[in-house]
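Reading the structure
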Amino acid sequence: MFDVENIMRENILRLKPYSSARDEFKGDASVFLDANENSYGSPLPESYNRYPDPLQKELKEKISSIKGVPHQNIFLGNGSDEAIDVLFRIFCEPKTDNVIICPPTYGMYEVSANINDVEVRKVNLLPSFDLDVERILESCGEHSKLLFICSPNNPTANSFHAEDMELLIQKFPGIVVIDEAYINYSKQKSAIRFLTEYENLVVLQTFSKAWGLAAIRLGMAFAPQIITEYMNKVKPPYNINLATQQFAMKALDNIDWVNRHILETIEERKKLEQQLITTSLIEKMYPSDANFILVKVKDAQGIYNYLVSLGIIVRDRSRIILCEDCLRITIGTESENRALLTALNKFEL
Ligand SMILES: *Cc1c(COP(=O)(O)O)cnc(C)c1O
């Protein structure tokens, strides 16, 4: 049987976590003189003078009811990026362990590995942008602790086959991290459904994309309870500030706004795809399951610079493996997309 504690770092297994004032006293009281907070309040109207709930219980209850995942299986991070870093610190011994990533993919996995001095093994996607399951399994060994799968994948915009991902969860000796930052735009079901079956899975989602809240920095990890418990021990005690917790609770009451704009984004994506095809600049358009599209063009850098000169910024991905001459374009509002198309149509002339 898979035992997550068998693949953890020794120092984390032994870790005695920081115990905050809020951890040590959790009852009802009226005089709080235990945390060296400002007893006189703050220049702001709400109780920002008090440290926030380190485990964000109220917020997790709300997320739990929307996602259908028990609160014990939820970890909240200062963006998904913090969850990624915490996973490195729990599982990867610097200079000894390794992780597997599947380029072209999200850049933070490698940056986080480098910060933690952990070897990165790269198994490129197939030319179809599918996972090379066989080579992933060939390239891992007993020190392979994390496998990052981003689905839908940034920057290729496709989702991976559920069977491929499930096979990897079954065969990979460490933790499979499925990053679902774009899942709300996808036709695919979330990998959260695999959590009841597998002990070595972490699913990441975020408030930064479909929820429209990149600025409040809130990422979610769904994982077996033993993993969320260790994540909570390793994170900074008050990693989610009170303003973020309050804004997220408000947003969760406004799920209709979110769902409406997911549909609108997908509609605009279809329109943009159809219209881009008619410009002679596009060599190839990759199918998208996300809120952006990847296109191969004749002169990526030239088009990029031309758009910049008009105040329109897209992402030049042309120097990235398998993305030669590719631009990544976020779906904008109707008028933003129109501005982009008008500009591109003029470049043709
Ligand atoms: C945008 C994005 C995120 C979001 O990261 P946050 O730290 O939550 O803002 C995570 N993963 C991928 C692949 C992304 O593209």
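Residues numbered from 1 in each chain as written. Predicted model: local features only at pLDDT ≥ 70, side-chain atom pairs only at ≥ 80, totals over all residues. Heavy atoms only, no water.

Re the overall build of the chain
For clarity, the cut-off: Secondary structure is summarised from DSSP: a helix means a run of H or I of at least four residues, a strand means a run of E of at least two, and numbering begins at the N terminus for each. All radius of gyration figures rest on C-alpha atoms, and the globule criterion is 2.2 Å times the number of residues raised to 0.38. Only protein chains enter the accessibility calculation, which uses a 1.4 Å probe; a residue whose area is less than 20% of its type maximum is buried, one above 50% is exposed, and one in between is partly exposed. In what follows, a contact means two residues having at least one pair of non-hydrogen atoms within 4.5 Å.
Along its length, the chain carries twelve helices and eleven strands. Its C-alpha radius of gyration of 22 Å places the chain within 12% of the 20 Å reference for a compact globule of 349 residues. For the C-alpha atoms alone, the extent of the chain along its principal axes is close to 70 × 55 × 35 Å. Taking all 349 residues of the chain together, the buried fraction comes to 51%. Taking all contacts inside the chain whose residues are at least 6 apart in sequence as the whole, residues at least 24 apart take part in 68%.

Considering the sheet that holds strand β7 (residues 219-222)
For clarity, the threshold we go by: Paired strands, as defined in this entry, are two strands with at least two bridges between them according to DSSP. Think of each axis as a best-fit line through the C-alpha atoms, taken over the contacting stretch in the case of a helix, with angles from 0 to 180 degrees between the N-to-C directions.
The mixed open sheet is built from seven strands, whose spatial order is β1-β7-β6-β5-β4-β2-β3. Looking at which strands have only one partner, the edges of the open sheet turn out to be β1 (74-77) and β3 (119-122). Adjacent strand axes in the sheet meet at a mean angle of 25 degrees when their direction is disregarded. Relative to β7, β1 runs antiparallel, the two being bridged by four bridges. Residue pairing for β7: G77 is matched across the bridge by G219. Docked against the sheet, helix α3 (residues 57-67) engages β1, β6 (201-206) and β7, running at close to 120 degrees with respect to β1. Those strands touched by helix α7 (residues 162-171) are β4 (144-150), β5 (175-179) and β6, and its axis lies near 155 degrees from that of β5.

Quick word on the layout of surface pockets
Stated precisely, the cut-off is as follows: Detection works on a 1 Å grid of protein atoms alone, calling trapped sets that fit a 1.4 Å probe cavities and calling open sets with protein on both sides within 12 Å along at least five of seven lines pockets, with lining residues defined by an atom within 4 Å of a point. Grid points are joined across faces, edges and corners, and a volume is the space filled by probe spheres set on the points.
Approximately 580 Å³ is the volume found for the largest pocket. Lining the largest pocket are 21 residues; nearest its centre among them are R22, Y51, P52, D53 and L242. If you list the elements that add at least two residues to the lining of the largest pocket, you get α2 (21-24), α3 and α9 (242-252).

Topic: the side chain of N116
We count it as follows: Polar contact is defined as a pair of N or O atoms within 3.5 Å, subject to the rule that within protein one atom must be able to donate a hydrogen and the other to accept it, and that residues adjacent in sequence are counted only when both atoms are side-chain atoms.
Looking at where N116 falls in the secondary structure, it is placed in the loop between α5 (108-115) and β3. One polar contact links the side chain of N116 to the main-chain carbonyl oxygen of S112, over a distance of 2.8 Å. Apart from the residues lying within four places of it in its own chain, the contact partners of N116 are D85, F88, R89 and P94.

Examining the domain arrangement of the chain
Selection criterion: Domains are outlined according to an automatic or database domain assignment. A simple way to read buried area is as the amount of 1.4 Å-probe accessible surface that goes missing from two parts once joined, with both sides added.
Its domain assignment divides the chain into domain 1 (9-253) and domain 2 (256-346). The C-alpha-based centres of domain 1 and domain 2 are spaced at 29 Å. Facing 22 residues of domain 1, the contacting portion of domain 2 comprises 20 residues. When domain 1 packs against domain 2, the two sides together hide about 1,700 Å² of surface, and 66% of this comes from carbon and sulfur.

Some details on the site of the ligand
As a reminder of what qualifies: What makes a residue near a molecule or strand is one non-hydrogen atom of that residue sitting within 4 Å of it. Per-residue and other accessible areas follow the Shrake-Rupley method at a 1.4 Å probe size, with only the shown protein chains counted as cover for residues.
Within the structure, the ligand sits among 13 residues, and Y182, T206, S208, K209 and R217 are positioned closest to it. Y182 is positioned with one of its side-chain polar atoms (N or O) 2.6 Å from an oxygen atom of the ligand. Between T206 and the ligand, the recorded distance is 2.7 Å, taken from a side-chain N or O atom to an oxygen atom. If the ligand stood free it would expose 390 Å²; the protein chains cover 93% of that surface.

A word on the pairing of β5
To keep things clear, this is the line we draw: When the strands point away from the viewer, a crossover counts as right-handed if the route from the first strand across the helix to the second turns clockwise.
Burial analysis of β5 places five of its five residues in the buried class, the great majority of the element. Going residue by residue along β5, you find I175, V177 and D179 tucked away on one face and V176 and I178 tucked away on the opposite face as well. Considered for its hand, the β-α-β crossover made up of β4, α7 and β5 is right-handed. Taken together, the four bridges between β5 and β6 define a ladder with parallel strand orientation. By the bridge assignment for β6, I178 is matched with V203.

Thoughts on the environment of E273
Following the sequence through the fold, E273 ends up in helix α10 (residues 255-277). For E273, a relative accessible area of 18% gives the class buried. Along the sequence, E273 and I331 sit 58 residues apart, while their C-alpha atoms lie 9.9 Å from each other. Dropping the residues within four chain positions of it, E273 is found in contact with M285, S288 and I293.

Quick notes on α5
Note on helix geometry: an α-helix contains 3.6 residues per turn, so any two residues three or four positions apart are oriented the same way. Inclusion rule: As used here, the arc is the angular range of directions from the helix axis to the C-beta atoms.
For α5, the complete set of buried residues consists of Y109, S112 and A113. Along the long axis of α5, the arc covered by the buried residues comes to 105 degrees, so they all point the same way. Away from its buried face by more than 90 degrees, α5 exposes N114 and I115. For α5, the secondary structure elements touched by its buried residues are α4 (80-91), β2 (98-101), β3, β4 and β5.

Comments concerning the nonpolar core
Our working definition: In plain words, nonpolar cores are sets of buried Ala, Val, Leu, Ile, Met, Phe, Trp, Tyr and Cys residues tied together by side-chain atoms within 4.5 Å.
Counting 56 residues, the largest nonpolar core has I63, L131, L147, I149, F207 and F222 as the members making the most contacts within it. No other element matches the four residues that α9 contributes to this core. Here this core spans two domains, and each of domain 1 (9-253) and domain 2 (256-346) adds at least three residues to it. Residues within four places of I149 in sequence aside, it is in contact with L131, F160, M165, L168, V176, V177, I178 and D179. Listed in part, the 32 residues of the second largest apolar core include V86, Y109, L146 and V177.

Points about the packing of α4 against α5
This is how it is decided: Roughly parallel means an angle under 35 degrees; roughly antiparallel, over 145; roughly perpendicular, 65 to 115; everything else is oblique. Two helices crossing with the near one rotated counterclockwise from the far one by less than a right angle form a left-handed crossing, whereas a clockwise rotation gives a right-handed crossing.
It is at 10 Å that the axes of α4 and α5 come closest, and there the two elements cross at 40 degrees. Considering the angle they form, α4 stands oblique to α5. The hand of the α4/α5 crossing is right-handed. Mapping the contact onto sequence places D81, I84, D85 and F88 in α4 and M108, Y109, S112 and A113 in α5.

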